[in-house]
Each structure stands twice: as C-alpha cells, then as structure tokens.
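Given next are the chains, with one letter for each unit.
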Amino acid sequence: MAQSSQKKGNYVLPIAITFALFFMIAFVTGYQNPLGSIIKNVSGGSTIWTQLGNLMNFIAYAFMGYPAGLILQKYGYRITALLASMVGFVGVLLTYISGTIDASTSADLVLTVYMTGAFVAGFSMCMLNSVVNPLMNSMGSTPDRGNQMLQFGGAFNSLGATLAPVVVGYIIGGQATEISEVNPVFYMCMGIFALALVVLYFSKLPEAPDFGQKKEKIDARGAFRYSNFVLGIIAIFCYVGVEVGIANITMQFISNDAIPLQNGVVVDKPETVAGFIVGMYWLLMLVGRLVGGVLGSKMTSRAMLTSVCVIAMCLVMSAILISPESTAPILGISKDGGLSFELFDVRLSVFMLILCGLCTSVMWGAIFNLSVVGLGKYTQVASGIFMVMVCGGGILPMIQGALVDVVGYLNSFWLIFGLIGYMLIYALVGSRTKNA
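Quantities reported herein were computed from a predicted structural model and do not represent experimental measurements.

Parameters at a glance
- All residue numbers refer to positions counted from 1 along the written sequence of the respective chain.
- Totals for whole chains, interfaces and linings use all residues, but because this is a predicted model, local features are given only for residues with pLDDT of at least 70 and pairs of side-chain atoms are given and counted only at 80 or more.
- Heavy atoms throughout the structure, all of them, feed into the side-chain values; hydrogens and water do not.
- Numbering of helices and strands starts at the N terminus; helices are DSSP runs of H or I of at least 4 residues and strands are runs of E of at least 2.
- Accessibility here uses a 1.4 Å probe with only protein chains present; expressed as a share of the type maximum, an area under 20% marks a residue as buried, one over 50% as exposed, and anything in between as partly exposed.
- By definition, residues are in contact when any of their heavy atoms lie within 4.5 Å.
- We get accessible surface area from the Shrake-Rupley algorithm with a probe of 1.4 Å; when it comes to residues, only the shown protein chains can shield them.
- Convention adopted: a line fitted to C-alpha atoms gives each axis, helices being fitted over their contacting stretch, and angles between N-to-C directions are expressed from 0 to 180 degrees.
- The labels follow the angle: roughly parallel below 35 degrees, roughly antiparallel above 145, roughly perpendicular from 65 to 115, and oblique for the rest.
- In this scheme the crossing of two helices becomes right-handed for a clockwise turn of the near helix relative to the far one and left-handed for an anticlockwise turn of less than a right angle.
- Residue type decides the class: Asp, Glu, Lys and Arg count as charged, Ala, Val, Leu, Ile, Met, Phe, Trp, Tyr, Cys and Pro as nonpolar, and the leftover types, Gly among them, as polar.
- For this analysis, a nonpolar core means a set of buried residues of the types Ala, Val, Leu, Ile, Met, Phe, Trp, Tyr and Cys, connected via side-chain atoms within 4.5 Å.
- Under the pairing criterion, centres of Phe, Tyr and Trp rings, with the six-membered ring standing for Trp, must be within 6.5 Å; the plane angle then separates stacked pairs below 30 degrees from edge-to-face pairs above 60, leaving the rest tilted.
- The residues that make up patches have over 30% relative accessible area and no salt bridge, and they are joined within 9 Å when like-charged or within 5 Å when they are Val, Leu, Ile, Met, Phe, Trp or Tyr.
- Salt bridges are counted wherever a side-chain nitrogen of Lys or Arg sits within 4 Å of a carboxyl oxygen of Asp or Glu.
- One fewer than the residue count of a helix, multiplied by 1.5 Å, yields its expected span.

## Notes on the overall build of the chain
So, step 1. Check the secondary structure of the chain and you find 16 helices and four strands.
So, step 2. Each of the 436 residues in the chain was classed as buried or not, and the buried ones make up 57%.
So, step 3. For the chain, the share of sequence-separated contacts (at least 6 apart) that also reach a separation of at least 24 residues comes to 83%.
So, step 4. Accessible surface for the chain amounts to roughly 16,900 Å². Of this, 67% is attributable to carbon and sulfur atoms.

## A short note on the packing of helix H10 (residues 301-321) against helix H16 (residues 413-430)
So, step 1. Running from amino to carboxyl end, H10 crosses H16 at an angle of 160°, the nearest separation of the two axes being 9 Å. For the element pair H10 / H16, the angle class is roughly antiparallel. Here H10 runs over H16; the crossing is left-handed. Along its contact with H10, which presents Arg302, Leu305, Thr306, Cys309, Val310, Ala312, Met313, Val316, Met317, Ile320 and Leu321, the element H16 presents Phe413, Trp414, Ile416, Phe417, Ile420, Gly421, Met423, Leu424, Tyr426, Ala427 and Leu428.
So, step 2. In terms of residue class, the contact of H10 with H16 is built from 19 nonpolar, two polar and one charged.

## What about the nonpolar core?
So, step 1. Counting residues in hydrophobic clusters, the biggest one holds 133 residues, and the most contacted among them are Tyr31, Leu128, Phe229, Leu305, Met363, Ile420 and Met423.
So, step 2. When residues in this core are grouped by element, the largest group, 16 residues, is from helix H8 (residues 227-256).
So, step 3. When residues no more than four places from it in sequence are discounted, the contact partners of Leu128 are Leu21, Met24, Ile25, Ala81, Ala84 and Phe193.

## Looking at the packing of aromatic side chains
So, step 1. Across all of its chains, the model carries 11 aromatic pairs by this definition.
So, step 2. Where Phe119 meets Phe123, the ring centres are 4.8 Å apart and the plane angle is 55°; that geometry is what we call tilted. You can see Phe119 and its partner Phe123 sitting in helix H5 (residues 107-138), four residues apart, about one turn around the helix.
So, step 3. Site record: aromatic cluster; members linked through ring pairs are Phe63, Phe119 and Phe123.

## Topic: a nonpolar patch on the surface
So, step 1. Together, Leu283, Val287, Val291, Val294, Leu295, Leu355 and Leu358 make up an exposed nonpolar region whose accessible area comes to about 490 Å².
So, step 2. A total of five residues in the nonpolar patch trace back to one element, the largest contributor, which is helix H9 (residues 270-295).
So, step 3. Tracing the chain through its elements places Leu295 in helix H9.
So, step 4. With relative accessibility at 35%, the residue Leu295 sits in the partly exposed group.

## Side note on the environment of Val182
So, step 1. Tracing the backbone through its elements, the reader meets Val182 in the loop between helix H6 (143-172) and helix H7 (183-201).
So, step 2. For Val182, a relative accessible area of 1% corresponds to the buried category.
So, step 3. Separated by 14 residues in the primary sequence, Val182 and Val168 have C-alpha atoms spaced 7.1 Å apart.

## Focus on H9
Three- or four-residue spacings in an α-helix give side chains the same orientation, since the helix completes a turn every 3.6 residues.
So, step 1. The first and last C-alpha atoms of H9 sit 37 Å apart over 26 residues, in line with the 38 Å expected at 1.5 Å per residue.
So, step 2. In terms of burial, H9 is largely enclosed, as 19 of its 26 residues are buried.

Put into structure tokens, the structure is as follows:
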C-alpha cells in the first residue's frame, strides 16, 4: 500500500507538467485565428485567407504525425517534449520575423515567412500532442479513468484557447493591419517555450514500462486491423475540423457580418468584441472538460460522445435556421477608454454556436479513448497516426471558409452539422472493437 501511494505521489509533478503542455498547445495554436483578419488584409484576399495560418499550423500534423510517433517510441516522453519546445520557439520566432518585413513592398515574402513560421509551430504542436495524450491516458488506472485524466488535461487546453483570442483580439482592437502590431503575443509565446525547455530539462516524466528496452519493431499497419481505430482516426479528423471551424468561422462571422450592436449602434472595433465572445466558446470547453473529468469515471466514453453529438447537432441546426433578427445581450470587452466590460447585442445564432463549446469539449478524449481500446502494443504508434489526422483542423475550416464566399456564413455550418453526424455514427456503431 505504501509503495502504491508513493507511485501515485510521483505523478503529481508529471501531471502538472502535462497540464502546462496542454495549455501551450492551445495558446500557440489559438492565436492564428484572430490574426486571420491581418493576414486577409496583407493578402488582399477573401474569407479563405483568414484561415491561412490555421491551415499551415494544422497541415503540419499530416507531415509530422507519424514521425512524431516514431520519435516518441524511440526517445520517450521527456526528450520528445524537449525537442517540441525547441521547434515551437523557432516557429514563433519566424512568425515574429514575418512582421519585420515591409508588407507594402514585399507582401508575398511576408506571407511566405509567416506561413513557414505557422508550419514549423505546427510541428511542435504535433509533437507535444503525441506526448500529452498517451501520457495522460496512461496515468489513469483504467480506460475510463484515462478518459477522465484526458478531460482534466483538456480543461487546461481550453484555458489556453480561451485566452488566445481574447488577448490577441484586445491587442488588434479592430485597428491592427500589420503582423508587427501583435508582437507582444509572440514575445509571450517565445517566453513560454523557453520556460518549458528549462522545466522539462530538470524534470522527469514517467515512461512506458518497456521504454529503453530492446523491443520488436512495431508495424504501424497492425493498428489498421482494428476497425474502431480506423473509423476513430476519421472521427478525429472530423472532430478537429469541427472544434476549430466553429471558433474560427464564428469569429469571422461576428467581425464581418453579425457585427455586435451597442445601444443600437454598430461597434467600431468588432474584432475586440469578437475575440472576447469566441473566447467564451473556449471557456465553455474548459467548463465542459471539467464536468467531463468528473463524470469520466461514472459515464462510459461511448455514452458521453453520443450525448454531446446529439446536443451539438441540435445547436448547429438552430444557429443556421434561427431568424437573423433574433438577438440577445452578451457581456463583452471594450477597448474604448481602457479595458472595460460592457453589454452588446449579438445575433442569437452566435449564442447557439458558442454553446457548442460545451459539447466539443469532451469529444477528443472520448474518441481517443474509444479508438485505442484493444490496440495493446500499437497504442504509441497509433498516437502518431492520430496526429496526422489532426490536419483536419486546417483543411476543414479552409473548406468552410471557401463555402462562406458561396453560401454565406451560417449555411457553411451545414458542413459542421454533417461532420458531427459522422461522429455520432462512430459513437453508436463504429467504436465497437473489431479486430479484422
């Protein structure tokens, strides 16, 4: 009993470090969304350009996902996290450098360096994700306990995602037109990565029981014999597209079409208000993950995923079909006269979409948990394959951005509705473990 308590006690610091890594992933990924309006201005393009940085951030997963799994398998959690922090620092540095170039004479060069920075940062996020998910899942004594741990870790991920649009939206304030005007964000992110390097260097993380031992080369194709895994990685592709697409397109919707009103007058700095409102989406994801963490040991992953998919589909459909004249007051942040909170009137559709955060909050952990059931020795390499499919967070919002220019903001959310529908089918049928 004493030995068990000692082992449990040793998990306190690793859990804290893993929670911090969850936060880093979300914050560095999240600042790409509010920067979209600046990139659109630099490129002179349409709505699709607002998703450029987001696309490069997530498409990196398609290239780094499988290698990240191999690095994890060979070097373990700690070394992989150290390498990821170094790469992340370089990625943010490149993004900062893009802001030092004169966009009026070298717009193409600005976009190239910016895209490269977002792409390199995406490598880092992929490597960190390949660490935190199996690590957190393994620190749970049972599959449902592992799901519970992932939900608590996801709460810190949501905290980072909540702060990113609020901080960047406040800095932009509806007036920023150049990347250099957001330099404080880049300084902050580089500082976070530098701190992570120091902490990880002097810390220890628990490794897999067989880490460091000579072991058979695991053929990744073996994981594809499990139908719950194959259908699960498709569900992950859909999920990340849903999570990111709702936030990113809703922010553009608020900033350009459903501009909030204050005392019946359109606000003159919609990006600031939009950043705060979309921050509420990520905040609700934090709340949902905390609740999911509490329920994780009492509710199966399948039941949890089924429930939230049904609710999310109802919310998205309501957002699309509800009357554009329907509005409701919301507390938002204003930059006029300093930092202050005021009431704004926004479209009710926005409320429906923001509420989806309560549902998307627990989807990742539930899908990951259901997908790796029965995989055994393939679990670590499967984590790398999962990271490949995270590219859906860049591809699907880009497709939705293109749809916006054709069918409008709200009708583009039919894509989100269909993607959630697939996840519902996976929860009900596809997640049943089958070894071909």
